[in-house]
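Chains, contacts and geometry: an overview
Here's the letter readout for the chains.
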Amino acid sequence: MEASKALQWVQQLVDPFLPLIIAIVFVVAVLTTMHYLLLRKQSHLSSEQKLPRQVSMLVLTIISAVIIAMSLPVSESTRNQVIALIGVLISGVIAFSSTTIVGNLMAGIVLRVNRPFKVGDFVKVDGYSGRVAEMGLLDTEIQTESRELIAFSNTLMVNSPVTVTRASGAIVSVDLSLGYDIHHSVIEKYLLQAADDANLTEPFVQVIGLGDFSVSYRVSGLLLEVKSLLSARSRLHKAVLDSLHNADIEIVSPGFINQRPQPDGLKMMAKSPVENSEKVNSNRQGENNDDSKVPSPEDVIFDKAEHAEQHENNKALLVQEIAEIDVQISESSGEQKDKLKQRKTNLELQLSTLLEQNNANPAD
């Protein structure tokens, strides 16, 4: 009799909490399973590829909290107050997100959804220009032309205008001033020749200003290999100097002041020595035949951005190949299926090694 009463007392004590216990077990089981399927099992995915899965887990966690709140052994009014409290907390976090870590996190999600730029792109933001070296959840890192690394908060990247150099090509230009004594058609011919010597396509010349003492010109051309942007600017400057000086055209840009007594007809130009012209040409041919021996400025300045871009490309190729093999495995059988599985295992090992090397030896 006493045992029966004790059992009834325990049952009366547990019954109100039974829905809560069931809800907790259900929520833990679902969250554990989804975490394994979305994240733990997909360890080869990059941080950007894991981001949508992490957001999904966050949403599931919030829904789980609401389910547990609805299962509390309290009155309906109290249960509604708890659910309302959860909603107020979430709304408060979102309301103050513009000045908090959550704001940068949300901005990082926006950048990954809209994808205005990617790792390796040339960008200009807030007066700084360079190549994107890293895109994190809270900030974006840019490597400038002086090889410095600058981290911009993702909220700044979203709220500020960002200039992105198109991967299909960029316009490279040089501004200079020349005297009124030479017709613009003559100037245009030599400037177009300079752009052609600098390996720019579709060159064009503009007259951008008529000053008190000189005419302002701009020579521009399309650079298809945007990674060599800095070298292309330097080549164009050199080509303009060579083309105009070899044609006995004096550059008076941006201003020309010379108070020293000079003979009549003297022109201030720097010509290439005639005796060194053959040596210069042979050196240029040697550079064209063996470019690997002479590192370009971009290789030194944007080393981390280049490493990061190459790393992302390698990961994308491996992930794509793994996905293609998964499709082939589902459509094959027998020995061919075993070979594909072995191939997939090797690719996953390569991907894991690539991720470990990147974490252990980041480009600084």
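The coordinates are above.
Summary of the structure given here. (Residues numbered from 1 in each chain as written. Predicted model: local features only at pLDDT ≥ 70, side-chain atom pairs only at ≥ 80, totals over all residues. Heavy atoms only, no water.)

What follows covers unusual backbone geometry. Residue Asn199 is not a glycine yet carries a positive backbone phi of 65°. Asn199 sits in the exposed class, given a relative accessible area of 56%. Phi is positive for Asp248, close to 60°, though the residue is something other than glycine. Given the relative accessible area of 37%, Asp248 is considered partly exposed. (Buried < 20%, exposed > 50% of the residue type's maximum accessible area, 1.4 Å probe, protein only.)

Attention now goes to the pattern of salt bridges. The full count for this structure, using the stated rule, is 6 salt bridges. Asp121 is paired through a salt bridge with Lys118; the nearest N and O atoms lie 3.3 Å apart. Residue Glu321 is joined to Arg343 by a salt bridge in which the shortest nitrogen-to-oxygen separation is 2.7 Å. Separated by 22 residues along the polypeptide, Glu321 in helix α11 (residues 303-331) and Arg343 in helix α12 (residues 334-360) bring together distant segments of the chain. (Salt bridge = Lys/Arg side-chain N within 4 Å of Asp/Glu carboxyl O. Helix = DSSP H or I, 4+ residues; strand = E, 2+ residues; numbered from the N terminus.)

Counting residues in hydrophobic clusters, the biggest one holds 26 residues, and the most contacted among them are Leu178, Leu191, Tyr217, Leu236, Val240 and Leu244. Put simply, the parts of the chain that give this core at least two residues each are β6 (170-178), α7 (184-197), β8 (215-223) and α8 (229-246). Contacts of Leu191, omitting those with residues within four sequence positions, involve Leu176, Val205, Tyr217, Val219, Val240 and Leu244. With 12 residues, the next largest nonpolar core counts Val132, Ile142, Ile150 and Met157 among its residues. (Core = buried A, V, L, I, M, F, W, Y, C linked by side-chain atoms within 4.5 Å. Contact = heavy atoms within 4.5 Å.)

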